[in-house]
Amino acid sequence: MELQVNWSTPTNAIELLQSLSKRVDTAKTFTTELQKNAHNFQSLEVKTIVQQLEQVIRSIGENLNSLPSLSYGYQEYVEKAAKSLSKEMKDVSFVLNQSRRLESKEHMEETDLYSIDIDESSAMNLTTYRQESSKKIIDKYDSENLSMGSSLMSLPQLAQYMEPLYDTFSCPLTKRVMEDPVTIESGITYERKAIIEWFEKFEDVENIVCPKSGQKLKSTSLSANVALKATINEWKERNEAARIKVARAALSLASTENMVLEAIDDLTNVCKSKPYNKVQVRDIGIIPLLANFIEYKSREVRFASLELLRLLAEDDEKGKDIIAKKVDVSTIIRMLSSNHKPLRNASVLLLLDLSSTRFLCDMIGTVAGGILMLITVKLRQSFDAFTSDTAGKILKNLEKVSDNIKLMAENGYWEPLLTHLVEGNEVTRTEMASYLAEVVLGPDIKTYVAERATPVLVHMVQSVNSLPRNVAFKALNQISKYHQNAKILIEAGVMQILIEEIFTQTIHNNESTSSSKTEAAAILAKILESGIDLENFQVNTHGHTLASDYIVYNILSRIKNSTPDEMNLNLIHILLCLIKFAKASSTIVSVVKETEVSYNLIELINTPNEELGIASIKLLITLTPFMGHTLSDRLCKTKGQPESLVQNTTDIITEKDAVSVNFLAKLPHQNLTLNLALINSNTIPTVMKIISQIQRTGTRSSRHGSSYFEGLIGILVRLTTTLYDIQILHTARTYNFTSVFTELLTRSFTDEVQKLSAIGLENLSKQSKVLSRPPKMKKTKVFKFFCFHKCISVDLSKDQDFSLCSIHGGICSSQETFCLVEAETVERLLSCMDHENVEVIEAALSALSTLLDDNVNVEESVSLLSDKHAMKYVLNVVKEHKEESLWQKAFWVIERFLISGGDESISNISEDRLLPATLVSAFHHGDDCTREMAEKILRHLNKIPTISHTMTFTM
């Protein structure tokens, strides 16, 4: 082109340019040959071609260096860039390494310019060479611009030197490249619009002249310059291609922020000028470069990069595909939270374009937190309405992929799922229902979801197709987990459907049918657990209610080992709710007693399914007050019971551990069969070992630890009710139950442990009088009695001393006779009288009352208790608490003190100023027993007259 249009070029320059052109063609031939045949060449042949290529490149460098300065005109920066490039080309040298890759010896760091890969996929071609040359020119241009200060040249202007702009392309009037060139009578070509406007300035046609030549025109006819227009169009194509290459080189170098912005802006303008240019920009590899700039430090660069990416994605599926592969979509999504509004808008618009294709919808959905971010933006309407609305459109596009709908629901945006569930076909409904069954409902949406979804799901469970039925039952199960939804389910008519599903017998009980029955039972259990009174709710067309014998019997009859674990579990949960109804409770107890259901429940205790085992034990515990002895006997008849209920666990205490020992503790304590079974199965040593371990180390921070420990103590307490059996008595003595309970009284365990310990001490103390017998003595012995405060010392011989208990009248010890005095338990029981828990106080008072029974020396007991200020504790209990059961025990103790304590006790009790008022209140408002006891104390205190026997007879 230079040779064709620039006639002022020196002759030697013309020759050099012609030589340069030929050598470039030769170099192209060598590289093409390497590209096509390198894999077939032997190393020697490759080396020869490489040497020839070196010679050609050095010759090109010589040609460039030989061009006279006049050839460059006033473009000094071009001359400098050419000279620099010439020097490097003259010094070029390639080596063939072991991987058969050619590398420059002197320019290893600049492999972008000169490296040649022998592999077919990456061999240098002429296009790559020109692109890399553009980079080098850009580099020189950039350094020159920096040194020249303000006299900078734009990248489009630089591109014009790669594809020169000729004067004939510009309109003499507009000074711009012509779009529609036309020639007038003077032979000069103008832009059509510009020359027409020129003509219109003249009022008289005869005065019209040519703007450039001044020639008067006889005619204003315009002749389209087709040849020039074609030439200009060709130049534009070359110029735009050159601008794209220059911009790519600039983006590759990215020397300054201004260079990057200018390159992106120029590419944006090129893409807007002609649709095909977007294809060129895309194919030349601009998108991977832009991928780097969306994370650039400057937000102006990030914004320009997003805008150009959106332009490349617009109406171009291949462009979107490349963007999906090369650009990190998560970075674009992250920009939605930017504080810079234009950046937010640009990122959301790009995402909107990308989301128009299904593939990219899937990709956006897989970005961690991507959908959550879009939902958040959508909900922030007041913050940025445009971004919010656009985010809503993106989410709508993302609904093309069903997995995205599930993700939206998981992130709190349920509308798409509910809409597809309500409006979709059977396949869509089934898929949406399956998602609903899996996704946990948030606290603020659970009622809304239930209201929208329940009618559709109820319709689906009545389908003849098993798949939608099963999925719908699972979805209803998910909804029923929230007790607030129970009323919605009932109003939708689900109860009758559930009962029918559970009770209907099928010929082929396959996995699908079993699953739907299990889900139906789970839903029914959760509805009952919600607390709604459904005792008289009619559940079928025959008029049966939930509490009817028919329903209860059918549920109980289905609990067996052959039933799937989940079904058994749900049925037990239903029974745990029904047993709260009076009518259903009696039916459940009756059926369990008369059938094998109790054995089935006991066998389920040791099922591998721990949750089922726990539920079974809980139901047995609930049944214990109604049929405890029956359950005790049947438990002992079951293989491996009752010892399997007490495990010597060293790990974290589980809920099953806790409910198991509590089951044993709550069964009737007087059941000798069960108590002996515990002894004979060596369960008690295990219990004592665990108690000792917990006393040393605590309950290991388990939330079931306290309940577990209470159950263990309850097992020991149950044995104290059957001490008449020699085996049980021996066990209580061997493990020193009195000492164990005494220590537990004041340890920092639960109130229940303290109460149980006091009950155990009461039971043990009741046996002390029987067990405390005077020793058999020979007649020849001489007794010497020495009276002390609480004991009598008896000298039977010179070698033997015996201490007789003043209260029980015989030889006592804490271990053998369970004497509370010998065990020093009295003080600890009195300390429990200050407890806040009434049950603990009542148990402690009952234990102390055993020292005031008629079968012991009451006077000595009163004396002992008075020394320990026991009456002060008792009177304080009467003042602080109003429970009648506690008053009755306290009044009984006060009366014993008044009867056996003499004047001192009467005086001490009379000094309490609040007691008479309490006694009067009890006398007026208490039950018969309380009134009688209060009356007796008032008579002892002379607060009411004593009635003589004569008066009584007369009355």
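Residues numbered from 1 in each chain as written. Predicted model: local features only at pLDDT ≥ 70, side-chain atom pairs only at ≥ 80, totals over all residues. Heavy atoms only, no water.

## A word on the overall build of the chain
Line of reasoning, step 1. When helices and strands are tallied, the chain shows 49 helices and 9 strands.
Line of reasoning, step 2. Across the 955 residues in the chain, those meeting the buried criterion constitute 49%.
Line of reasoning, step 3. For the chain, the proportion of contacts with a sequence separation of at least 24, taken over those separated by at least 6, is 65%.
Line of reasoning, step 4. Carbon and sulfur atoms make up 50% of the accessible area of the chain, which amounts to about 46,800 Å² in all. (Helix = DSSP H or I, 4+ residues; strand = E, 2+ residues; numbered from the N terminus. Buried < 20%, exposed > 50% of the residue type's maximum accessible area, 1.4 Å probe, protein only. Contact = heavy atoms within 4.5 Å. Areas by Shrake-Rupley, 256 points an atom, 1.4 Å probe, with all protein chains shown as cover.)

## Focus: the packing of helix H32 (residues 610–637) against helix H33 (residues 655–666)
Line of reasoning, step 1. Here H32 crosses H33 at 5°, and the two axes come no closer than 9 Å. In terms of orientation, H32 lies roughly parallel with respect to H33. Judged by residue contacts, Glu610, Ile614, Ile617, Lys618, Leu620, Ile621, Thr624 and Leu635 of H32 engage Glu655, Lys656, Val659, Ser660, Asn662, Phe663, Leu664 and Lys666 from H33.
Line of reasoning, step 2. Grouping the amino acids of the contact of H32 with H33 by side-chain chemistry returns 8 nonpolar, 3 polar and 5 charged. (Axes fitted to C-alpha atoms, helices over the stretch in contact; angles between N-to-C directions. Parallel < 35°, antiparallel > 145°, perpendicular 65-115°, else oblique. Nonpolar A, V, L, I, M, F, W, Y, C, P; charged D, E, K, R; others polar.)

## Remarks on the confidence of the model for the chain
Line of reasoning, step 1. Per-residue confidence for the chain averages 82 on the pLDDT scale, and 84% of its residues sit at or above 70.
Line of reasoning, step 2. Residue range residues 1–9 is modelled with pLDDT below 50. Its contacts to residues more than four positions away, or to other chains, number 10 contacts.
Line of reasoning, step 3. Taken together, the stretch residues 779–800 has pLDDT below 50 and engages in 44 contacts with residues farther than four places along the chain or on a different chain. (pLDDT = per-residue confidence, 0-100.)

## Concerning unusual backbone geometry
Line of reasoning, step 1. At the junction of Gln641 and Pro642, the peptide bond is cis and its omega measures out at 5° in the coordinates.
Line of reasoning, step 2. Secondary-structure assignment places Pro642 in the loop between H32 and H33.
Line of reasoning, step 3. Positioned with a positive phi, His869 is a non-glycine residue whose angle comes to about 60°.
Line of reasoning, step 4. Examined against the element boundaries, His869 turns out to sit in the loop between helix H43 (858–867) and helix H44 (870–880).
Line of reasoning, step 5. The exposed category is assigned to His869, whose relative accessible area is 52%.

## Thoughts on the environment of Leu228
Line of reasoning, step 1. One can find Leu228 in helix H9 (residues 226–253).
Line of reasoning, step 2. Sequence spacing of Leu228 and Met178 is 50 residues, and the spatial spacing of their C-alpha atoms is 9.3 Å.
Line of reasoning, step 3. Other than its neighbours up to four places away in sequence, Leu228 contacts Thr168, Phe169, Met178, Pro181 and Thr189.

## Some points on the pattern of salt bridges
Line of reasoning, step 1. This model, assessed by the stated rule, comprises 25 salt bridges.
Line of reasoning, step 2. Of the charged contacts in the structure, one is a salt bridge between Arg452 and Glu415, with a shortest N-O distance of 2.8 Å. Placement of the pair is Arg452 in helix H23 (residues 446–460) and Glu415 in helix H21 (residues 415–423), with a sequence separation of 37 residues.
Line of reasoning, step 3. Ionic contacts of the salt-bridge type, sharing partners, join the residues Arg282, Asp283 and Asp316 into one network. (Salt bridge = Lys/Arg side-chain N within 4 Å of Asp/Glu carboxyl O.)

## What to know about the environment of Leu222
Line of reasoning, step 1. With respect to the element layout, Leu222 can be found in the loop between helix H8 (192–199) and strand S6 (223–224).
Line of reasoning, step 2. Among the residues examined, Leu222 registers a relative accessible area of 27% and is labelled partly exposed.

## Section: the packing of helix H34 (residues 672–680) against helix H36 (residues 705–719)
Line of reasoning, step 1. In contact at an axis separation of 10 Å, H34 and H36 are set at 115° when each is read in the N-to-C sense. When the axes of H34 and H36 are compared, the pair comes out roughly perpendicular. Handedness of the H34/H36 crossing: left-handed. Between H34, through Leu674, Asn675, Leu678 and Ile679, and H36, the contact on the second element is made entirely by Ile715, Arg718 and Leu719.
Line of reasoning, step 2. Counted by class, the contact of H34 with H36 contains 5 nonpolar, 1 polar and 1 charged residues. (Left-handed = near helix turned anticlockwise from the far one by under 90°.)

## Digging into the nonpolar core
Line of reasoning, step 1. One finds Leu436 and Ile894 to be the most contacted residues of the largest nonpolar core, which totals 171 residues.
Line of reasoning, step 2. The dominant element in this core, judged by the number of residues it contributes, is H32, at 11 residues.
Line of reasoning, step 3. By size, the runner-up hydrophobic cluster in this structure holds 60 residues, among which are Val270, Val301, Ala304 and Met335. (Core = buried A, V, L, I, M, F, W, Y, C linked by side-chain atoms within 4.5 Å.)

## Section: the side chain of Asn477
Line of reasoning, step 1. With respect to the helices and strands, the residue Asn477 is situated in helix H24 (residues 466–480).
Line of reasoning, step 2. Of note is the side chain of Asn477, whose polar atom sits 3.1 Å from the side chain of Lys526.
Line of reasoning, step 3. Leaving out residues up to four positions away in the same chain, Asn477 has contacts with Glu519, Ala522, Ile523 and Lys526. (Polar contact = N/O pair within 3.5 Å; in protein donor to acceptor, adjacent residues only side chain to side chain.)

## Examining helix H35 (residues 683–697)
Line of reasoning, step 1. With 15 residues, H35 should reach 21 Å at 1.5 Å per residue; the first-to-last C-alpha distance of 21 Å fits that figure.
Line of reasoning, step 2. Within the span of H35, buried status applies to Thr683, Ile684, Val687, Met688, Ile690, Ile691, Gln693, Ile694 and Gln695.
Line of reasoning, step 3. Where H35 is buried, its residues touch H34, H36, helix H37 (726–734) and helix H38 (737–746).
Line of reasoning, step 4. Just downstream of H35, Gly698 is the residue with a positive phi angle, here 85°. (Expected span 1.5 Å × (residues − 1).)

## Details of the sheet that holds S6
Line of reasoning, step 1. The sheet built from 3 strands is open, its strands ordered S5-S4-S6 with antiparallel pairing. The open sheet terminates on both sides in strands that have one partner only, identified here as strand S5 (189–191) and S6.
Line of reasoning, step 2. In the packing of H8 onto the sheet, the strands contacted are strand S4 (181–183), S5 and S6, and the crossing angle to S5 comes to about 95°. (Pairing = 2+ DSSP bridges.)

## Thoughts on H21
Line of reasoning, step 1. Residues Pro416, Leu417, Leu418 and Leu421 constitute the buried set of H21.
Line of reasoning, step 2. Turning to H21, the residues buried within the fold contact helix H20 (402–410), helix H22 (426–438) and H23.

## Things to note about the packing of aromatic side chains
Line of reasoning, step 1. Per the counting criterion, the structure on display carries 6 aromatic pairs.
Line of reasoning, step 2. The ring centre of Phe923 lies 5.6 Å from the NZ or CZ of Arg931, which sits over that ring. (Phe/Tyr/Trp six-rings, centres within 6.5 Å; stacked < 30°, edge-to-face > 60°. Lys NZ or Arg CZ within 6 Å of the ring centre and 35° of its normal.)

## A short note on the side chain of Asn600
Line of reasoning, step 1. Along the polypeptide, Asn600 turns up in helix H31 (residues 597–603).
Line of reasoning, step 2. Judged by relative accessible area, which is 18%, Asn600 ranks as buried.
Line of reasoning, step 3. Apart from residues no more than four positions distant in its own chain, Asn600 is found in contact with Ile559 and Lys560.

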